[in-house]
Amino acid sequence: WMAAFVGGAVVALVMYVDYMFFAARRAAKNRSPEQQLAAAWPDEVKLLFAAAGIYGCYLTYGVLQEDIFRYKGKDGAQFRSTLFLLFVQCCVNSIAAAGVMMWKGEFNKATSNAPTRSLATIGLTYIGAMLASNESLKYVSYPTQALAKSCKMVPVMLGGAIIRGTKYSYQQIAAVLLITAGITVFRLAGKSLSNEGNSVYGLGLLLLSLVCDGITGGTQDEVQKKFKPTSSFMMLANNTWAMFFLFFGVLFTGDAFAGVSYCMAEPSIIGKIALFSVTSAMGQVFIFYTIANFDALVLATLTTTRKFFTILLSVVIFGNKLKGPQWAGVALVFAGLTLEIAHKQAKKRAA
C-alpha cells in the first residue's frame, strides 16, 4: 500500500506540474466555439483531462503497435505493411472525427476558412514525420531514434517562431532546452548508445522527421489561432489529407495488396489492427483537444515527457533503479518545468 500511495502522490505531482507549466487563461473573445462551450472548465481541469487521455491512449497504442509488428503467422512471416497500417489508422481516425462532429452538430456550422494549402501541409508533414521515423529504424538503433524524438520540443518551438512568428521569452526557451537536455541525459544514461549500425542515411531520416514535426506544429498553431476551427474539424481535415497522400503510397508500393493478403491469411491479426486503430483515434481526440485549448508546444511537451514520467513512476512503484546520470536528467527536467512555472506565475502577477 505504501508503494501505491507514493505512486499516486507522484502521479498527482506530475499532473499538477503539467498544469502549472502550461496553465494560462485565454480571453473569452479569443476562444473558438468549442472553447466557449468548454469555458466553464478551469484550465487545470482541461489540461489534466488532456494529459491523462494522451498518456493513457498512447501507452496502450505503443503496446498494441509492438504486438502487431511482433506478430508471426502460421508460416512464421511477420506483418511488415507499415503504409497499409497507417492508411487504416487514418481511415478510422477520420471516421471517429466525423462521428464526433455529427454528435456535436458541427457539420453545418463548423466550416473553417483555413486555406486548403495549410491543411494539406499538416496532413503531409504529419505522415512524413511518422514514415521517416519508422523507416529510420532500419538504419539506426532504437535508442538513437528515441533520443532524436526526445528533442521534438525544439523543432516545434522553431516551427512556431518561423511559421507563425511566435515570440518566446528567454525563460520559455531555457525551459525547453533544460527539459530536452534532461530527457537526453536520462535516455543516454539508461541505454547504451553505440554508433554501430547508425548510418548517415538513417540520421538524415531522423532529421527529416524532426523538421516535419516542426512544420506540423507551427502550421497547426497558425491555423488554430487565425481561423479557430474546432478540434474535431482539425482532426478530420488532418486525417483526410493524410489518407489522400497514403492512398497513392499504398498503391504504388503494393503495400495495400500485401496488407490485405496478410490479413486474409491471418484473420486473428485483424482484431489487433482494429483495436490499435481505435486507440489511435481516441488518442487523436485528446491531441486535437490539446491543440484547440492550448498550443502545439504544450502538446509536444506532453508527448515528449510521457515516456519519461512513465519510467520515473515505475521507479517509485516497482523499485526499479536509476543510475546517477539519470537522476541528473530528472533534475534537469524538473528544473525546466519549475522555470516555466515561475515564468507563468510572474506573468499572472504582472497582469
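Our structure's up above, just so we're on the same page.
Residues numbered from 1 in each chain as written. Predicted model: local features only at pLDDT ≥ 70, side-chain atom pairs only at ≥ 80, totals over all residues. Heavy atoms only, no water.

Observations concerning the overall build of the protein
To keep it simple, the criterion reads: Each helix is a run of DSSP H or I of at least 4 residues and each strand a run of E of at least 2, with the numbering of both proceeding from the N terminus. Here, residues are in contact when the closest pair of their heavy atoms is within 4.5 Å. Using the Shrake-Rupley algorithm and a 1.4 Å probe, accessible areas are obtained, with residue cover drawn only from the displayed protein chains.
Assigned secondary structure in the protein consists of 14 helices and zero strands. In the protein, the order of α-helices and β-strands from amino to carboxyl end is α-α-α-α-α-α-α-α-α-α-α-α-α-α. When contacts within the protein are restricted to residue pairs at least 6 apart in sequence, long-range pairs at least 24 apart make up 86% of them. When the accessible surface of the protein is totalled, it reaches about 17,100 Å², and 69% of it is carbon and sulfur.

With respect to the packing of aromatic side chains
What counts here: Note on aromatic pairs: the rings of Phe, Tyr and Trp (six-membered ring only in Trp) are paired at centre separations within 6.5 Å, and the planes decide the class, stacked below 30 degrees, edge-to-face beyond 60, tilted for the rest.
Here the structure, examined in full by the defined rule, presents 13 aromatic pairs. Consider the rings of Phe49 and Tyr289, whose centres lie 5.4 Å apart with planes at 80°: the pair is edge-to-face. Here the residue Phe49 occupies a position in helix α3 (residues 43–70), and Tyr289 occupies one in helix α12 (residues 268–293), the gap between them amounting to 240 residues. One aromatic cluster is present, formed by Trp241, Phe244, Phe245, Phe247, Phe248 and Phe252 through successive ring pairs.

Notes on the state of the cysteines
Operational definition: Working definition: a disulfide is two cysteine sulfur atoms within 2.5 Å of each other.
Applying the stated rule across the entire model yields zero disulfides. Here Cys91 is not cross-linked by a disulfide; its sulfur's nearest cysteine counterpart is in Cys90, at 7.3 Å.

Some details on the pattern of salt bridges
Opposite charge on two side chains makes pairing possible when the charged atoms of those side chains draw close. Put simply, the test is: Every case where a carboxyl oxygen of Asp or Glu lies within 4 Å of a side-chain nitrogen of Lys or Arg is listed as a salt bridge. Buried means the residue's accessible area, taken with a 1.4 Å probe over protein chains only, is under 20% of the maximum for its type, while exposed means over 50%, and partly exposed covers the values in between.
On inspection of all chains with the given rule, the structure shows three salt bridges. With a shortest N-O distance of 2.9 Å, Asp67 and Lys272 are connected by a salt bridge. Taken together, the residues Asp67 in helix α3 and Lys272 in helix α12 connect sequence positions 205 residues apart. Assessed through its relative accessible area of 33%, Asp67 is described here as partly exposed.

What to know about helix α9 (residues 200–227)
Using the following cut-off: Helix span, as expected, comes to 1.5 Å for every residue beyond the first.
For α9, built from 28 residues, the straight-helix expectation of 40 Å at 1.5 Å per residue is met to within 8% by its first-to-last C-alpha distance of 40 Å. Following α9 by one or two positions, Lys228 adopts a phi angle in the positive range, close to 50°.

Remarks on the nonpolar core
Heads up, the rule is: Take the buried residues of types Ala, Val, Leu, Ile, Met, Phe, Trp, Tyr and Cys, join any two whose side-chain atoms come within 4.5 Å, and each joined set is a nonpolar core.
Counting 52 residues, the largest nonpolar core has Ile54, Phe79 and Ile269 as its most contacted members. If one sorts the elements of this core by residue count, α3 sits on top with nine residues. In contact with Phe79, not counting residues within four places along its chain, are Ile68, Phe69, Tyr71, Phe84, Leu85, Tyr262, Ile269 and Ile273. Counting residues in each nonpolar core, the second largest holds nine residues, with Leu86, Cys90, Leu246 and Val250 among its members.

Topic: a nonpolar patch on the surface
We count it as follows: Exposure above 30% relative accessible area and the lack of any salt bridge qualify a residue for a patch; like charges then connect within 9 Å, and the nonpolar side chains Val, Leu, Ile, Met, Phe, Trp and Tyr within 5 Å.
Nonpolar side chains collect at one region of the surface, where Phe244, Phe247, Phe248, Leu251 and Phe252 lie side by side and expose about 550 Å² of accessible area between them. Position of Leu251 relative to the elements: it lies in helix α10 (residues 231–253).

Looking at the environment of Thr304
Of note, Thr304 is situated in helix α13 (residues 296–318). Taking the relative accessible area as the measure of exposure, Thr304 reaches 7% and is therefore buried. Remark: the alpha-carbon pair of Thr304 and Ser150, spanning 154 residues in sequence, is separated by 5.8 Å. If near-sequence neighbours (up to four positions away) are discounted, Thr304 is found in contact with Ser150, Lys152, Met153 and Ile183.

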